[in-house]
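If you want the building blocks of each chain, they are given just below.
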Amino acid sequence: MIRAPVRFSAHSLGSAPKSGLISALSLSLALGLTACSTAGSYPSLAYRPVERTAMPAAAEPAPPPIQLPPATADLTTRIGGLVAAAQASDKQFAAKRPAADRAVAAAARAARTSDSWISAQVAVSALQASRDTTVAALADLDSLYADARQAEPVEESPSAKAIDTARDQGQALLNGQNDVISALDARLKA
């Protein structure tokens, strides 16, 4: 059996439901828009007289800064001992430096397998070993500084400042020793 296609028209579906739906939507839209535009008096956004004459509130005075305690006698003694150890190590370094200079000068153009070159390496190694006390003292000062900063993380305390000054002294000694060793190594490699 062959079926013919079914055709619908606006008349067959009924135009009454469509027009009712459209009129209901139109009415709700109109009512919704009129609610947004109701007439009335709104408050002014201008300054009121009391707002023009009001004085700003007085700021509270800042609290006085907290005075941190000075470095303790134990800490000062310990810092002094570490600086003295670094200075003694620097004196040992200075005492061994002429021997290393002479050994490197003797091995200046020697082969790497020669006795003079090996003697120069041993002398430079002894010079490097003599700075170990400086490195250890600086490491202890770094640890003390970290502890002092952790105790007072916001502001550097007098204890931390004293330790930092000692660290600067130790670092200056170590930098000088490193420069000497680097120069000797460069002369030995040339």
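Anything mentioned here points back to the structure above.
Below is a summary of the structure that appears in this document.

### Some thoughts on the packing of aromatic side chains
Move 1: One pass over the full model with this rule turns up zero aromatic pairs.
Move 2: A cation over a ring is seen here: arginine 167 above tyrosine 145, with NZ or CZ 4.4 Å from the ring centre.

### Looking at helix α7 (residues 158–189)
Move 1: Taking 1.5 Å per residue as the helical rise, α7 with its 32 residues ought to reach 46 Å, and the 46 Å between its terminal C-alpha atoms agrees with that figure.
Move 2: Regarding α7, the residues found buried are Ser159, Ala160, Ile163, Ala166, Gly170, Leu174, Gln177, Val180, Ile181, Leu184 and Leu188.
Move 3: In this structure, the buried residues of α7 make contact with α4 (73–106), α5 (115–129) and α6 (132–151).

### Section: the environment of arginine 78
Move 1: Following the sequence through the fold, arginine 78 ends up in helix α4.
Move 2: Its relative accessible area of 46% is what places arginine 78 among the partly exposed residues.

### Description of the environment of alanine 160
Move 1: Position of alanine 160 relative to the elements: it lies in helix α7.
Move 2: In this structure, the C-alpha to C-alpha distance between alanine 160 and leucine 144, residues 16 residues apart in sequence, is 8.1 Å.

### Side note on the nonpolar core
Move 1: Val104, Ala120, Leu127, Leu184 and Leu188 are the most contacted members of the largest nonpolar core, which has 14 residues in total.
Move 2: Of all the elements in the fold, those that place two or more residues in this core are α4, α5 and α7.
Move 3: When residues in this core are grouped by element, the largest group, five residues, is from α5.
Move 4: Leucine 127 has contacts with Phe93, Lys96, Arg97, Ala100, Val180, Ile181 and Leu184, leaving out every residue within four places of it along the chain.
Move 5: Within the second largest apolar cluster, 13 residues are counted, among which are Leu82, Ala137, Ala148 and Ala166.

### Considering the packing of α4 against α6
Move 1: Two numbers describe how α4 lies on α6: the axes approach to 8 Å, and their chain directions differ by 155°. It follows from the interaxial angle that α4 and α6 lie roughly antiparallel. The chirality of how α4 crosses α6 is left-handed. The segment α4 lies against α6, with Leu75, Arg78, Ile79, Leu82, Ala85, Ala86, Ser89 and Asp90 engaging Thr133, Thr134, Ala137, Asp140, Leu141 and Leu144.
Move 2: Class assignment for the residues of the contact of α4 with α6 results in eight nonpolar, three polar and three charged.

### Remarks on the side chain of threonine 134
Move 1: With respect to the element layout, threonine 134 can be found in helix α6.
Move 2: Only 3.5 Å separates the side chain of threonine 134 from the side chain of glutamine 177, close enough to count as a polar contact.

### Let's talk about the side chain of serine 157
Move 1: Locating serine 157 in the fold gives a position in the loop between α6 and α7.
Move 2: The class for serine 157 is buried, based on a relative accessible area of 7%.
Move 3: Ignoring any residue separated from it by four or fewer positions in sequence, one finds serine 157 in contact with Leu68, Ala148 and Glu152.

### Examining α6
Move 1: Here α6 contains 20 residues, and its C-alpha end-to-end distance of 29 Å stays within 8% of the 28 Å for a straight helix at 1.5 Å per residue.
Move 2: Where α6 is concerned, the buried positions are Thr134, Ala137, Leu138, Leu141, Leu144, Tyr145 and Ala148. Angularly, the buried residues of α6 cover 120° about the axis, an arc narrow enough to put them on a single face.
Move 3: On the buried face of α6, the contacting elements are α4 and α7.

The rules behind each value
- Numbers given for residues are sequential positions, taken from 1 along each chain in its written order.
- Totals for whole chains, interfaces and linings use every residue, but because this is a predicted model, local features are given only for residues with pLDDT of at least 70 and side-chain atom pairs only at 80 or more, for both listing and counting.
- By convention in this description, side-chain values take in all heavy atoms of the structure and omit both hydrogens and water.
- Here a Phe, Tyr or Trp ring, Trp counted by its six-membered ring, pairs with any other such ring whose centre lies within 6.5 Å, and the pair is stacked when the planes are under 30 degrees apart, edge-to-face when over 60, and tilted otherwise.
- Any Lys NZ or Arg CZ that is within 6 Å of a ring centre and within 35 degrees of that ring's normal is treated as a charge sitting over the ring.
- Secondary structure follows DSSP: runs of H or I at least 4 residues long count as helices, runs of E at least 2 residues long count as strands, and numbering of each begins at the N terminus.
- Expected span, for any helix, means 1.5 Å times one less than how many residues it has.
- Residue burial is assigned from relative accessible area. The probe radius is 1.4 Å, only protein chains are included, and a residue is buried under 20% of its type maximum, exposed over 50%, and partly exposed in between.
- In this analysis, two residues are considered to be in contact whenever any of their non-hydrogen atoms come within 4.5 Å of each other.
- Buried Ala, Val, Leu, Ile, Met, Phe, Trp, Tyr and Cys residues form a nonpolar core when they are joined through side-chain atoms within 4.5 Å.
- In this analysis an axis means a line fitted to C-alpha atoms, helices contributing only their contacting stretch, and an angle means the value between N-to-C directions, from 0 to 180 degrees.
- Angle categories: roughly parallel below 35 degrees, roughly antiparallel above 145, roughly perpendicular from 65 to 115, and oblique for all the rest.
- In this scheme the crossing of two helices becomes right-handed for a clockwise turn of the near helix relative to the far one and left-handed for an anticlockwise turn of less than a right angle.
- Side-chain classes follow a simple rule in which Ala, Val, Leu, Ile, Met, Phe, Trp, Tyr, Cys and Pro form the nonpolar group, Asp, Glu, Lys and Arg form the charged group, and the remainder, Gly included, forms the polar group.
- Within 3.5 Å is the distance limit for a polar contact, defined as a pair of N or O atoms, with the added protein rule that one can donate a hydrogen and the other accept it, and that residues adjacent in sequence qualify only through two side-chain atoms.
- Note that the arc is defined by the directions from the helix axis to the C-beta atoms.

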